[in-house]
Amino acid sequence: GGGGPFEWRGSKTPWKERTVEAAEYTEEQKKILEEQEKKNAVEAETKTEPEKREDKSFFHGKSERDYAGRSWVEPPKHLRKENDHCYVPKRCIHTWNGHSQCVQAIRFFPESGHLLLSAGMDSKIKIWDVNDTGKCMRTYLGHQKAVRDICFSNDGRKFLSTGYDRNIKLWDTETGQVIRTLSSANMLGYCVKFHPDDDKQNTVLAGCSNKKIYQFDTDSGDIVQEYNEHLGAVNSITFVDENRRFVSTSDDKTMRVWDFGIPVQIKYIADPTMHSMPSVALHPNGNFLVAQSLDNKVVICSTKERFKMNRKRVFKGHNSAGYACQVNFSPDGRFVISGDAEGRCFFWDWKTSRVFRKMKCHDGVCMGAEWHPLETSKVATCGWDGKIRYWD
């Protein structure tokens, strides 16, 4: 008749009787289980909340004020730009050691560059003296997991950090205090940016793993706008057009342009040849963007109305596939720089797109490369070896 394929064996299948016996625990087993349950209950009571590390910061310098009472974060008075012409560095003049794992990002203090902020996979943020001692000045501890991105406010007195613990923190650079933690439960920020206008320094944009860009008001901590058109995690946010617009890139391999404050994309740049573009930089003249494309190219895009990709001109020779190596400009716009997966830093001539110089900078990937804002021949790099190096 009907039934399963084992019907003909009747109920004498060898495993049928055995299952019944096993259902009863022996006295000994019962006792062990009861004890285990008690232990679990006690543990659950004591460990209701995963251990939260409170925000801390340590000052490592000699004193926080100098003889004249000036704060350690204030730019020295004598800093001037020597000339506008940038030169490509040749040799390493300093190495900052202190991160125990990969350094994800470095940022010079705005305009003066006398301090360098770094974000590490070791969950630490550190700030380093650039000119005098070359020492670590302060360590900022607030993230539970690796720090992904950092961004200074225009005056450098505050900075943002975002980490894999799904928190975005606003820090006081000088005191090391967390002014505010911006986050919502499901939001993993991949990139954070202050609005570049001096009168909008309470406005922060965060591009997140959940495909959205959130706009925060740091005074209240509220999300005031959501930009939601990308189909993948958002990797970069770059302001253009006198900061009236911004451009975002994403794992969905597109670039989208937005009017600031209006959550509807005004331009959508995508074609089958495009790859994911994890890092974008604006040319100092404001007319062009360059983007690290994961097919081992740096591509150019105009920031004018049509946001056209330049098909003819690309910067290549480096190997960036799979890594979000930072791309950047020299302050005079004559050179494009980028790290690569083999620990090299590439310098391309902006006009000819040719490789001008390449240097081996790190063991493992060279993640970040940033030109000093004033000293026209100096560049800092960071990498997977946990080192930050300074080149001249």
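Everything below is about the structure shown above.
Remember, predicted model here, so these are calculated numbers, not experimental data.

Q: Looking at this structure, I do not really get the overall build of the protein. What am I missing?
A: Summing up its helical and strand segments, the protein has two helices and 29 strands in all. With 392 residues in all, the protein has 48% of them scored as buried. Contacts in the protein between residues at least 24 apart in sequence constitute 48% of all its contacts with a sequence separation of at least 6. Surface summary for the protein: the accessible area is close to 19800 Å², and the carbon and sulfur share equals 49%.

Q: What's the story with the sheet that holds strand β3 (residues 103–108) in this structure? I'm lost.
A: Two modes of strand pairing occur in sheets, parallel and antiparallel, and in both the strands are linked by backbone hydrogen bonds. Read from one edge of the open sheet, five strands run β1-β6-β5-β4-β3, paired in antiparallel fashion. Each edge of the open sheet is held by one strand with a lone partner, namely β1 (56–59) and β3. Strand after strand, the sheet turns through a mean of 15° between neighbouring axes, direction not considered. Bridge analysis of strand β5 (residues 124–129) against strand β6 (residues 136–141) gives five bridges, and the strand direction is antiparallel.

Q: Sorry if this is basic, but what is going on with the pattern of salt bridges here?
A: Side-chain pairing between opposite charges can occur once the charged atoms of the two side chains come close. Following the criterion strictly, the structure yields 23 salt bridges and no others. In this structure, arginine 107 and aspartate 149 form a salt bridge, with 2.9 Å as the shortest nitrogen-oxygen distance. Of this pair, arginine 107 sits in strand β3 while aspartate 149 sits in strand β7 (residues 147–152), and the two are 42 residues apart along the sequence. Glutamate 370 serves as the salt-bridge partner of arginine 107, at 4.0 Å between the closest nitrogen and oxygen. Of this pair, arginine 107 sits in strand β3 while glutamate 370 sits in strand β27 (residues 366–371); the two residues are 263 residues apart in sequence, bridging distant segments of the chain. The residues arginine 107 and glutamate 370 share a single accessibility class, namely buried.

Q: How should I be thinking about the sheet that holds strand β17 (residues 255–259) in this particular structure?
A: Strand order across the open sheet formed by four strands is β15-β16-β17-β18, with antiparallel pairing between neighbours. Each of the sheet's edge strands pairs with one partner strand only, and the pair in question is β15 (234–240) and β18 (265–269). Mean inter-strand twist for the sheet, computed between neighbouring axes without regard to direction, equals 20°. Relative to β18, β17 runs antiparallel, the two sharing four bridges. Each residue of the ladder has a partner; that of arginine 256, found in β18, is tyrosine 268.

Q: Could you clarify how one ought to interpret the pairing of strand β4 (residues 115–120) in this entry?
A: Look at any regular strand and the pattern is simple: side chains alternate between the two faces of the sheet. For β4, a buried count of six out of six residues is recorded, marking the element as mostly surrounded by other parts of the structure. By the alternation rule, side chains of β4 split into Leu115, Leu117 and Ala119 and Leu116, Ser118 and Gly120, which are all buried. Alignment of β3 against β4, held across five bridges, turns out to be antiparallel. In the strand pairing of β4, phenylalanine 108 is matched with leucine 116. Connecting β3 to the next strand, β4, in antiparallel fashion are six residues, including glutamate 111 with a positive phi near 70°. The pairing of β4 with β5 spans five bridges and is classified as antiparallel. Of the residues in β5, the one forming a bridge with leucine 115 is aspartate 129.

Q: In this structure, what is going on with the side chain of histidine 195? I would like to understand it.
A: Checked against the element boundaries, histidine 195 lands in the loop between β11 (189–194) and β12 (203–208). Contacts of histidine 195, omitting those with residues within four sequence positions, involve Lys200, Gln201, Thr203, Phe239, Asn243 and Phe260.

Q: What is the right way to read the environment of asparagine 228 from this model?
A: When you line up the elements, asparagine 228 lands in the loop between β14 (222–227) and β15. For asparagine 228, a relative accessible area of 43% puts it in the partly exposed group. For asparagine 228 and isoleucine 213, which are 15 residues apart along the polypeptide, the C-alpha to C-alpha distance reads 6.5 Å. Once residues lying within four places of it in the same chain are set aside, the contact partners of asparagine 228 are Lys211, Lys212 and Trp258.

Q: Explanation requested: the packing of aromatic side chains in the structure shown.
A: Per the stated rule, a full pass over the model turns up 23 aromatic pairs. When the centroid spacing of 6.2 Å and the interplanar angle of 75° are considered together, the rings of phenylalanine 152 and phenylalanine 159 count as edge-to-face. As far as the burial class goes, phenylalanine 152 and phenylalanine 159 line up, both buried. Ring centres 5.9 Å apart and planes at 55° place the aromatic pair phenylalanine 315 and tryptophan 348 in the tilted group. Linking phenylalanine 315 in strand β22 (residues 309–316) with tryptophan 348 in strand β25 (residues 344–349), this pair joins segments that are 33 residues apart in sequence. An aromatic cluster of at least three residues, connected via ring pairs, comprises Phe288, Phe315, Phe329, Phe346, Trp348 and Trp350. Its guanidinium or amino end placed over the ring of tyrosine 190, arginine 148 lies 4.2 Å from that ring's centre, counting from NZ or CZ. Against the face of tryptophan 350 rests arginine 313, its NZ or CZ located 4.8 Å from the ring centre.

Q: It is not clear to me how a negative patch on the surface should be interpreted in this structure. Could you clarify?
A: A surface patch of negative charge is lined by Glu111, Asp155, Asp198 and Asp199. Summarising the element assignment, aspartate 198 is placed in the loop between β11 and β12.

Q: When you look at the layout of surface pockets in this model, what are you seeing that I'm missing?
A: Over the atoms rolls a probe the size of a water molecule, and its path tells where empty space is left. As a volume, the second largest pocket reaches approximately 520 Å³. Along its surface, the second largest pocket is lined by 21 residues, and Ser63, Trp72, Asp129, Asp132 and Met137 are the ones closest to its centre. Looking at side-chain class alone, the lining of the second largest pocket contains six nonpolar, seven polar and eight charged residues.

Q: Sorry, what's going on with the pairing of strand β10 (residues 178–182) here?
A: Inspection of the sheet shows strand β9 (residues 168–172) paired to β10 by four bridges, in the antiparallel sense. Bridging across to β10, isoleucine 168 finds its partner in leucine 182. Taking the residues that link successive antiparallel strands as the turn, the β9-β10 hairpin has five residues, and the phi of glycine 176 there is positive, at about 80°.

Scoring rules and cut-offs
- Residues numbered from 1 in each chain as written.
- Predicted model: local features only at pLDDT ≥ 70, side-chain atom pairs only at ≥ 80, totals over all residues.
- Heavy atoms only, no water.
- Helix = DSSP H or I, 4+ residues; strand = E, 2+ residues; numbered from the N terminus.
- Buried < 20%, exposed > 50% of the residue type's maximum accessible area, 1.4 Å probe, protein only.
- Contact = heavy atoms within 4.5 Å.
- Areas by Shrake-Rupley, 256 points an atom, 1.4 Å probe, with all protein chains shown as cover.
- Pairing = 2+ DSSP bridges.
- Axes fitted to C-alpha atoms, helices over the stretch in contact; angles between N-to-C directions.
- Salt bridge = Lys/Arg side-chain N within 4 Å of Asp/Glu carboxyl O.
- Phe/Tyr/Trp six-rings, centres within 6.5 Å; stacked < 30°, edge-to-face > 60°.
- Lys NZ or Arg CZ within 6 Å of the ring centre and 35° of its normal.
- Patch = residues over 30% accessible without salt bridge, like charges linked within 9 Å, V, L, I, M, F, W, Y side chains within 5 Å.
- Lys, Arg positive; Asp, Glu negative; His and termini not counted.
- Charge placed at Lys NZ, Arg CZ, Asp CG, Glu CD.
- 1 Å grid on protein atoms, 1.4 Å probe; cavity = no way out; pocket = protein on both sides within 12 Å on 5 of 7 lines; lining within 4 Å.
- Points joined across faces, edges and corners; volume = space filled by probe spheres on them.
- Nonpolar A, V, L, I, M, F, W, Y, C, P; charged D, E, K, R; others polar.

Note that every value here comes from positions in space, so none of it alone points to a role or purpose.
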